[in-house]
Amino acid sequence: MEFRVALMTMTMGAGLEAPAPPTWPPRFHLMSWQTDADGGKAVNNHYYDWLGGRSLIEIASQALDKSGKGLLWDYERQDGMSFYYTPMTRECRTVEMGVGLLPPDWLPR
């Protein structure tokens, strides 16, 4: 910890600027893992498509497995509409979020 603070102080004192935040590619896939407050695990596959104005998040969690629902698909559109679909039970719920997708350059803004 002390080393990081000293290094940061030396860098700031040297007049070096922080690197510019990256811009996302217009399309990508990423996987993430999460743990909820009860210790349950989830694996998320995120398919981001700025050019197509859509994003799909496939959520596989222990909580969904325990409830008999299996996967959850979270389909988000640029117009702010989101659809939550559970293939195993064929349930679909729509939610008007009021905001669209984050643009690829949201970090530098």
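Everything below is about the structure printed above this text.
Treat the numbers as computed from the prediction; the structure is a model and nothing was measured.

Novice: What am I meant to see in the side chain of Asn44 here?
Specialist: Tracing the backbone shows Asn44 in strand β2 (residues 41-49). Asn44 gets classed as buried once you look at its relative accessible area, which sits at 8%. A distance of 2.8 Å separates polar atoms of two side chains, one belonging to Asn44 and the other to Gln34. For Asn44, the contacting residues outside a window of four places in its chain are Leu30, Met31, Ser32, Gln34, Ile57, Glu58 and Ile59.

Novice: Explanation requested: the nonpolar core in the structure shown.
Specialist: Burial of nonpolar side chains together is a common tendency in soluble globular proteins. Ile57, Ile59, Leu64, Leu72 and Tyr84 together form the largest nonpolar core, which totals five residues. With residues near it in sequence (within four places) discarded, Leu64 still touches Ile59, Lys69, Gly70, Leu71 and Leu72.

Novice: Which parts of the structure should I look at to understand the pairing of strand β4 (residues 71-77)?
Specialist: On any regular strand, side chains alternate: one points to one face of the sheet, the next to the other face. Here strand β3 (residues 54-61) runs beside β4; their pairing, made up of seven bridges, is antiparallel. From the neighbouring strand, Arg54 faces β4, where its bridge partner is Arg77. Where β4 lies against strand β5 (residues 81-86), four bridges are found, and the strand directions are antiparallel. Of the residues in β5, the one forming a bridge with Glu76 is Ser82. The hairpin turn running from β4 into β5, its antiparallel successor, is three residues long, and Gly80 in that turn takes a positive phi close to 95°.

Novice: Help me understand the layout of surface pockets in this model?
Specialist: Empty space left among the atoms is revealed by rolling a probe the size of a water molecule over them. Estimates place the volume of the largest pocket at around 170 Å³. Elements represented by at least two residues in the lining of the largest pocket include exactly β2, β4 and β5. The residue inventory of the lining of the largest pocket, partitioned by class, reads eight nonpolar, five polar and three charged.

Novice: Sorry if this is basic, but what is going on with a nonpolar patch on the surface here?
Specialist: A cluster of nonpolar side chains, Leu102, Trp106 and Leu107, forms an exposed patch at the surface whose accessible area comes to about 250 Å². With respect to the element layout, Leu107 can be found in the segment after β6 (91-96).

Novice: Got a minute to help me understand the sheet that holds β3 in this structure?
Specialist: Two orientations exist for strands paired in a sheet by backbone hydrogen bonds: parallel and antiparallel. The strand order β1-β2-β3-β4-β5-β6 describes an open sheet built from six strands, whose pairing is antiparallel. Since the sheet does not close on itself, it has two edges, and those belong to β1 (27-35) and β6, each with one partner. Pairwise comparison of adjacent strand axes, ignoring direction, gives a mean angle of 15° for this sheet.

Novice: Sorry, what's going on with the environment of Gly39 here?
Specialist: In this fold, Gly39 is placed in the loop between β1 and β2. A residue is classified by how much of its surface remains accessible, and Gly39, at 36% relative accessible area, is partly exposed. Sequence spacing of Gly39 and Ala63 is 24 residues, and the spatial spacing of their C-alpha atoms is 10.0 Å.

Definitions and limits used
Residues numbered from 1 in each chain as written. Predicted model: local features only at pLDDT ≥ 70, side-chain atom pairs only at ≥ 80, totals over all residues. Heavy atoms only, no water. Helix = DSSP H or I, 4+ residues; strand = E, 2+ residues; numbered from the N terminus. Buried < 20%, exposed > 50% of the residue type's maximum accessible area, 1.4 Å probe, protein only. Polar contact = N/O pair within 3.5 Å; in protein donor to acceptor, adjacent residues only side chain to side chain. Contact = heavy atoms within 4.5 Å. Core = buried A, V, L, I, M, F, W, Y, C linked by side-chain atoms within 4.5 Å. Pairing = 2+ DSSP bridges. 1 Å grid on protein atoms, 1.4 Å probe; cavity = no way out; pocket = protein on both sides within 12 Å on 5 of 7 lines; lining within 4 Å. Points joined across faces, edges and corners; volume = space filled by probe spheres on them. Nonpolar A, V, L, I, M, F, W, Y, C, P; charged D, E, K, R; others polar. Patch = residues over 30% accessible without salt bridge, like charges linked within 9 Å, V, L, I, M, F, W, Y side chains within 5 Å. Areas by Shrake-Rupley, 256 points an atom, 1.4 Å probe, with all protein chains shown as cover. Salt bridge = Lys/Arg side-chain N within 4 Å of Asp/Glu carboxyl O. Axes fitted to C-alpha atoms, helices over the stretch in contact; angles between N-to-C directions.

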